[in-house]
Every structure is written in C-alpha cells, then in structure tokens.
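Tertiary structure, described
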Amino acid sequence: LHRVTKQQLESESHKRYSLTMTSTTKKSIYASALSDERMKELFSIFDQDSDETLDFVEVATAIYKLQGDMDKSSFQAMHFFLVLDKDDRRRLDYEQFVRLLLNVFAGYGVNFFKAAETLIEGMKKADDIGLWDLSTLKISENVYNSHRDMAKDGESDIFEVMNILQYAKLHDLFNLYDTSGDGMITLEELLLACRKFHKATRGIDIYSTINETTTTMLFYDEDKNQTLDKNEFALCVVRFAKVSYTDLPDMIDFLANTIFLEENSPEEEEYMKFVVDFESKKIKSIQQLAENGSKSDLPTAHGYVMKGKEYDGDIYRKNFGTIESPELFA
C-alpha cells in the first residue's frame, strides 16, 4: 500500500484498526468483508484472467501497482503464498484474498471499509508494468515455482543428500561458506557467498541478492533456527544442481570457484552486514506465521545509505511486514 495509499489514505484520517481486537470482532470484520462489493471489485482487478483465482504473477503485479518496486513486490508475493497457500495449489481463492487484503490493511492500521474506494481508484490509475519489471517478475515466478517443485521431491532427494554428504568436496564447500567455523551457515555467511556467486553468474544488484538469499534460507532452514546445517545445505545444493541441469560435482566445484575468484566490495559487505539482523528477524517472523500463525514483533531498521540509494528502514519494514498474523481474520 506504500505507493498508492501512504499519503492518500493517511491524509483522509481513516480510523485505525487495533491489532488487539477480539476474535469475535475479527470474524465479524472478515464476514463483512467477504460480502463487500468493493472487496469483490478489488478481487476482479487483481484477477487479470478472470478465472476467479489469483496466481503468483497476478498477486505480484497488484502489489507492484501499489508500491512500485518489482523486486520487493515479487518477494512479498512469495511470502503471501507461503503463508496462505498451504496445499500448494499456487493460486489464491477469493476467501484467501480477503484474508490477504485485510492483513495488509491491518498491518498499516488502516480501516479497509474506509479506504477501499481510495485503493480501487489508485489501482485503476496505476501504470502498466514495463518490460524490465516484467522480466524481473518472470524470473521471480520461476524461482518460486522451482522451489515449490523441489519441495515436492523431498523424499526422492534424501538418497542424493546422503550420498553427497560422503563427498569430501561438499564438506570443503560448506566450510568455505561457514567462515566462522561453528558448523552452521548463518544468513550473513550465506549472503556474502551468494553475492559472489551472483556477481560471477548473473550480475544482479545487491538488493536482488538479499531477496533471493532470504528466500533460500526460508525454504531450506527446516529446523527454523535461521541457519543452515550440513544436511540443509546439502539439500539446497542438490536441488540447485537439478534446477540448473548441472552435475552435482560440477556444481560444487563451480560454487567453490566463485568464492575464490570473486570479491565483494567493502561497501557491499558493510551494507549486507547492516541488513542481516533485520532479515534474520524477518525470516523468523515468517517461519512462525507459516507454522502456527503466531504473532511476533517485526523488526525495525534505521536509515542507511549505500551508493546514493537510501535504505529506508521504516518503509522497508512496512513493505515486508504486512502479514503480522495470517490468522488475524481467519
């Protein structure tokens, strides 16, 4: 809601929700929203192909029209699907959409019933997606689908993981990532290594590296401690090799080579180390949401500047922090 409503909605002094509402009140709001014609109109705006469901592209596109940043919009769409799409249909129905939108509004403390017209007007006036952003969206969709596909193949990967754990080079690669030598790869260590890999292979910007690395940790941190142990890391490498259609030994060698051959600039390392605490807390919050819907405090970051681009901690928190409780309006 950042681009369309941050000024528009707040300027209209809308009544704010209390996140401490009783469950009865939440159910009443949810029931009212389900039958609200403005909610149905918003769903039809999101539902570009009119099939009465929303896929990843439709959700990410709509979020982009609200905030104007495709990298962040795609990443936030992944989070919504992780929390709401429990049965991996990769589509959200109308009821799930209502929960999604009510939680977005609640995250901003904005009353949906007061703000709906402003949002509808803003969505209708929003610019179409440019070719560059469309390309970014398709890449993000492929990454998301690949992760979900590989998650389905978990059992079939166990044998390969067991085999690769006997492979000395896998342990050497793990040790290259685990720079502290404590037997776990932290988000910071994964981020620094992934940045080298991205520079060597894809040339994407640091903000995309942060988003993709955080997503990787979300998918492979099975014990939910915001680190990767050797089993989790091995599973990640096995599946990455599959997606890349690369032999496993070759993939391990290539990942190791990027560690040795590429260097992160001091500015990049400073920036990544600055955001890692916030990202780790965000991962923990999302893991709690996906597992049991518990409410946890979202972290706050302070302003930071890198290469002339401001790191606005408050906006960053709001853009990624609008799903404080997926069961808020269950």
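The notes below deal with the structure included here.

A few words now on the nonpolar core. Nonpolar side chains tend toward joint burial in soluble globular proteins. Met 39, Phe 97, Leu 101, Tyr 177 and Val 237 are the most contacted members of the largest nonpolar core, which has 75 residues in total. In this structure Phe 97 touches Met 39, Leu 42, Phe 43, Phe 46 and Leu 54, once residues within four positions along its chain are discounted. The next biggest cluster of nonpolar side chains, apart from the first, holds seven residues, and it includes Leu 191, Leu 192, Ile 206 and Met 272.

Below, the discussion takes up the packing of aromatic side chains. Enumeration over the complete set of coordinates arrives at 11 aromatic pairs. Between Phe 46 and Phe 97 the ring centres are 5.0 Å apart and the planes differ by 65°, which places this aromatic pair in the edge-to-face class. Placement of Phe 46 in helix α3 (residues 37-46) and of Phe 97 in helix α6 (residues 94-108) is noted, with a sequence separation of 51 residues between them. On the basis of relative accessibility, which here comes to 4%, the residue Phe 46 falls in the buried class. Ring centres of Tyr 207 and Tyr 271 lie 5.5 Å apart, and the angle between their planes is 80°; this geometry places the pair in the edge-to-face category.

As for its placement among the helices and strands, Glu 268 is situated in helix α15 (residues 266-292). Exposure remark for Glu 268: the relative accessible area of 5% places this residue in the buried category. A C-alpha to C-alpha distance of 8.9 Å links Glu 268 and Arg 195, two positions 73 residues apart in sequence.

With that settled, the discussion passes to unusual backbone geometry. The backbone of Glu 52 shows a phi angle near 70°, a positive value even though the residue is not glycine. Topologically, Glu 52 is positioned in the loop between α3 and α4 (56-67). Look at Arg 90: it is not a glycine, yet its phi comes out positive at around 60°. Here Arg 90 shows up in the loop between α5 (70-84) and α6. In this structure Arg 90 comes out as buried when scored by relative accessible area, which is 15%.

Attention now moves to the state of the cysteines. A full pass over the atoms with the stated rule returns zero disulfides. Cys 236 provides the cysteine sulfur closest to Cys 194, a residue in no disulfide bond, and the two sulfurs are 7.5 Å apart. For Cys 194, a relative accessible area of 15% gives the class buried. Cys 236 sits in the buried class, given a relative accessible area of 15%.

Their axes nearest at 11 Å, the elements helix α10 (residues 168-177) and helix α13 (residues 230-243) cross at an angle of 105°. Here α10 lies roughly perpendicular to α13, going by the angle between them. Between α10 and α13, the contacting residues are Leu 170, His 171, Leu 173, Phe 174 and Tyr 177 on the first element and Lys 230, Phe 233, Ala 234 and Val 237 on the second. A per-class count over the contact of α10 with α13 returns seven nonpolar, one polar and one charged.

For helix α7 (residues 112-125), built from 14 residues, the straight-helix expectation of 20 Å at 1.5 Å per residue is met to within 8% by its first-to-last C-alpha distance of 19 Å. At Thr 118, α7 shows its maximal kink, close to 25°. Within α7, burial applies to Phe 112, Ala 115, Ala 116, Thr 118, Leu 119, Ile 120, Gly 122 and Met 123. The distance from a side-chain oxygen at the start of α7 to the backbone nitrogen of Phe 113 is 2.9 Å, and the residue carrying that oxygen is Asn 111.

Calculation rules
Residues numbered from 1 in each chain as written. Predicted model: local features only at pLDDT ≥ 70, side-chain atom pairs only at ≥ 80, totals over all residues. Heavy atoms only, no water. Core = buried A, V, L, I, M, F, W, Y, C linked by side-chain atoms within 4.5 Å. Buried < 20%, exposed > 50% of the residue type's maximum accessible area, 1.4 Å probe, protein only. Contact = heavy atoms within 4.5 Å. Phe/Tyr/Trp six-rings, centres within 6.5 Å; stacked < 30°, edge-to-face > 60°. Helix = DSSP H or I, 4+ residues; strand = E, 2+ residues; numbered from the N terminus. Disulfide = S-S within 2.5 Å. Axes fitted to C-alpha atoms, helices over the stretch in contact; angles between N-to-C directions. Parallel < 35°, antiparallel > 145°, perpendicular 65-115°, else oblique. Nonpolar A, V, L, I, M, F, W, Y, C, P; charged D, E, K, R; others polar. Expected span 1.5 Å × (residues − 1). Bend = angle between axes of the 7 residues up to and from the residue. Polar contact = N/O pair within 3.5 Å; in protein donor to acceptor, adjacent residues only side chain to side chain.

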